[in-house]
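# Summary of the model geometry
Chain residues, written in single-letter form:
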Amino acid sequence: MIAINYRDPRPIYEQVKFGLRRLILTGVLNPDDKMPSVRELSAQLAINPNTVQRAYRELEAEGYIYSVPGKGSFVAADKQVDQSRIDTLLKQLDEAVTELTFMGYSKEDLIRRISEGGSQV
């Protein structure tokens, strides 16, 4: 499900958030699916429950999940994703395009990369 890399420079809560977001975006977790409880996920990953709680809180703020008091957290429908997340991603894209262009990456290479889904590694 989610792997924690202790050599990754990103904080653990960001790795958890990224992993969960990827599961949601790839359809592994579907709208209205129940998320693992904070305790379950923290035990599974062997991390502090506060770390998982922070990841859940940020995913909820971004519109990827929603909480029901006494029931837990659930995957939100795609249309509920916060516009601010879209704006943030577009700003990051603009910055990356500017830097890649400066480094000599051609417009055609960028277009090809985007049309292929950006999955080249």
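Quantities reported herein were computed from a predicted structural model and do not represent experimental measurements.

Conventions and cut-offs
Residues numbered from 1 in each chain as written. Predicted model: local features only at pLDDT ≥ 70, side-chain atom pairs only at ≥ 80, totals over all residues. Heavy atoms only, no water. Helix = DSSP H or I, 4+ residues; strand = E, 2+ residues; numbered from the N terminus. Contact = heavy atoms within 4.5 Å. Areas by Shrake-Rupley, 256 points an atom, 1.4 Å probe, with all protein chains shown as cover. Lys, Arg positive; Asp, Glu negative; His and termini not counted. Charge placed at Lys NZ, Arg CZ, Asp CG, Glu CD. Pairing = 2+ DSSP bridges. Salt bridge = Lys/Arg side-chain N within 4 Å of Asp/Glu carboxyl O. Axes fitted to C-alpha atoms, helices over the stretch in contact; angles between N-to-C directions. Parallel < 35°, antiparallel > 145°, perpendicular 65-115°, else oblique. Left-handed = near helix turned anticlockwise from the far one by under 90°.

### Description of the overall build of the protein chain
The secondary structure content of the protein chain amounts to five helices and two strands. Judged by the C-alpha coordinates and their principal axes, the protein chain covers about 50 × 35 × 20 Å. Intrachain contacts of the protein chain at a sequence separation of at least 6 include 43% that bridge at least 24 residues. Accessible area of the protein chain: about 8,400 Å², with a carbon and sulfur share of 55%. Computing the positive centroid from 16 side-chain charges and the negative centroid from 17, the protein chain places the two 5 Å apart.

### What to know about the pairing of strand β2 (residues 72–75)
Sheet topology places strand β1 (residues 65–68) next to β2; four bridges connect them, and they run antiparallel. For Ser67, the partnering residue across the bridge sits in β2 and is Ser73.

### Quick word on the pattern of salt bridges
Tallied over the full model, the rule gives six salt bridges. Here the residues in one salt-bridge network are Lys17, Arg21, Arg54, Glu58 and Glu62, joined through shared partners.

### A short note on the packing of helix α2 (residues 38–45) against helix α3 (residues 49–61)
Two elements in contact, α2 and α3, have axes whose closest approach is 8 Å; the angle formed by their N-to-C orientations is 120 degrees. By the angle between their axes, α2 is oblique relative to α3. The chirality of how α2 crosses α3 is right-handed. Packed against α2, whose contacting residues are Val38, Leu41 and Ser42, the element α3 presents Pro49, Val52, Gln53 and Tyr56 at the interface.

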